[in-house]
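# Notes for the structure review
The residues making up each chain are set out below.
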Amino acid sequence: GAFAPSDPNVAWVGDLAGRVYRSADGGDTWGQVTPLPSVDGVGEVDAIAVHPTTPGTVLVGVYAQGAFVPPIELLFRTIDSGVSWTHIGADIQDAAGHRVGVRAIEFDRMNPDRLFAGTDVGVWVSTNGGTSWAVFNEGLPNARVADLTYEPRRQLLRAGLWGRGVYERHVGAATAKDVRLHVRTSTLDDGWNQ
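Worth saying up front: this structure is predicted, and the values here are computed from it rather than measured.

### So, the overall build of the protein chain
Secondary structure summary: the protein chain contains 0 helices and 16 strands in total. Sorting the 194 residues of the protein chain into buried and exposed places 45% on the buried side. Here the contacts in the protein chain between residues at least 6 apart in sequence split such that 39% fall between residues at least 24 apart.

### Brief notes about the packing of aromatic side chains
Overall, the coordinates contain 3 aromatic pairs when judged by the stated rule. Centre to centre, the rings of Trp 12 and Trp 85 are 6.3 Å apart; their planes meet at 80°, and the pair counts as edge-to-face. With Trp 12 in strand E2 (residues 7-14) and Trp 85 in the loop between strand E7 (75-78) and strand E8 (86-87), the pair connects residues that are 73 residues apart, well separated along the chain. Take Trp 12 and Trp 85: they sit in the same class, and that class is buried. Plain terms: the ring middles of Phe 116 and Tyr 150 are 5.3 Å apart, the flat faces sit at 35° to each other, and that makes the pair tilted. With Phe 116 in strand E10 (residues 115-119) and Tyr 150 in strand E13 (residues 145-151), the pair connects residues that are 34 residues apart, well separated along the chain. For the pair Phe 116 and Tyr 150, one class covers both residues: buried. By way of ring pairs, the aromatic residues Phe 116, Phe 136 and Tyr 150 are connected into one cluster.

### Considering the sheet that holds strand E12 (residues 134-135)
To summarise the sheet geometry, strands pair through backbone hydrogen bonds and adopt either a parallel or an antiparallel arrangement. Read from one edge to the other, the open sheet built from 4 strands follows the order E9-E10-E11-E12, with strand pairing classed as antiparallel. The open sheet terminates on both sides in strands that have one partner only, identified here as strand E9 (102-107) and E12. Relative to E10, E9 runs antiparallel, the two sharing 5 bridges. Its bridge partner lying in E10, Glu 106 is registered against Phe 116.

### What about unusual backbone geometry?
For Ser 81, which is not a glycine, the phi torsion comes out positive at approximately 60°. Position of Ser 81 among the secondary structure elements: in the loop between E7 and E8. Unlike most non-glycine residues, Gln 155 shows phi in positive territory, near 55°. Tracing the sequence through the fold places Gln 155 in the loop between E13 and strand E14 (156-161).

### Considerations on the pairing of E14
In terms of burial, E14 is a largely internal element, 6 of the 6 residues being buried. Here E14 shows two buried faces, one formed by Leu 156, Arg 158 and Gly 160 and the other by Leu 157, Ala 159 and Leu 161. Relative to E14, E13 runs antiparallel, the two sharing 6 bridges. Directly across from Glu 151, in E14, lies its bridge partner Leu 156. Taken together, E13 and the strand that follows it, E14, pair antiparallel across an intervening segment of 4 residues, in which Gln 155 is found at a positive phi of about 55°. In this sheet, strand E15 (residues 165-170) lies alongside E14 in antiparallel orientation, the contact comprising 6 bridges. Each bridged residue has a counterpart across the sheet, and for Arg 158 the counterpart in E15 is Glu 168.

Each value, and the rule that gives it
- Residues numbered from 1 in each chain as written.
- Predicted model: local features only at pLDDT ≥ 70, side-chain atom pairs only at ≥ 80, totals over all residues.
- Heavy atoms only, no water.
- Helix = DSSP H or I, 4+ residues; strand = E, 2+ residues; numbered from the N terminus.
- Buried < 20%, exposed > 50% of the residue type's maximum accessible area, 1.4 Å probe, protein only.
- Contact = heavy atoms within 4.5 Å.
- Phe/Tyr/Trp six-rings, centres within 6.5 Å; stacked < 30°, edge-to-face > 60°.
- Pairing = 2+ DSSP bridges.

So this is what it looks like as structure tokens:
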């Protein structure tokens, strides 16, 4: 689930069948929003991100394993609080050209046109509000991304990788060589301390 940064009374959650619910009163009551196109029962809602200043703009990522023919839609955006949805994840594909599910989404609160998405094939970045996406894996291990967090003041993206720990990298002008293991519960620990 996710709360709207600009209105803490607005909250969003998703379920295992691909349905999305919204509360406008801090979670006291919930209502299902318009269903996401083509995903009912196919995958689970794993990622929700609310725009930092416009609470009616929300991205929802659905996770499903496998290749689907025809390809299913797995990443959506609403600009009207869930009344209608637009598929925006066509660019997020594996090496074979199959769309992959989205496990995490993060807005850059200082630049909301920049977003990050975590998938089974790494991290993706959008610089136009989610309309198009590009691979953002430089310096990261080849592993599934389970979660993301972004610290805008220092421009640090942290990616929790399945079985590999948490890595961080600077998103600004620094190169991908700055990627470091952040959580030290792994033999990959290099001893770096901030």
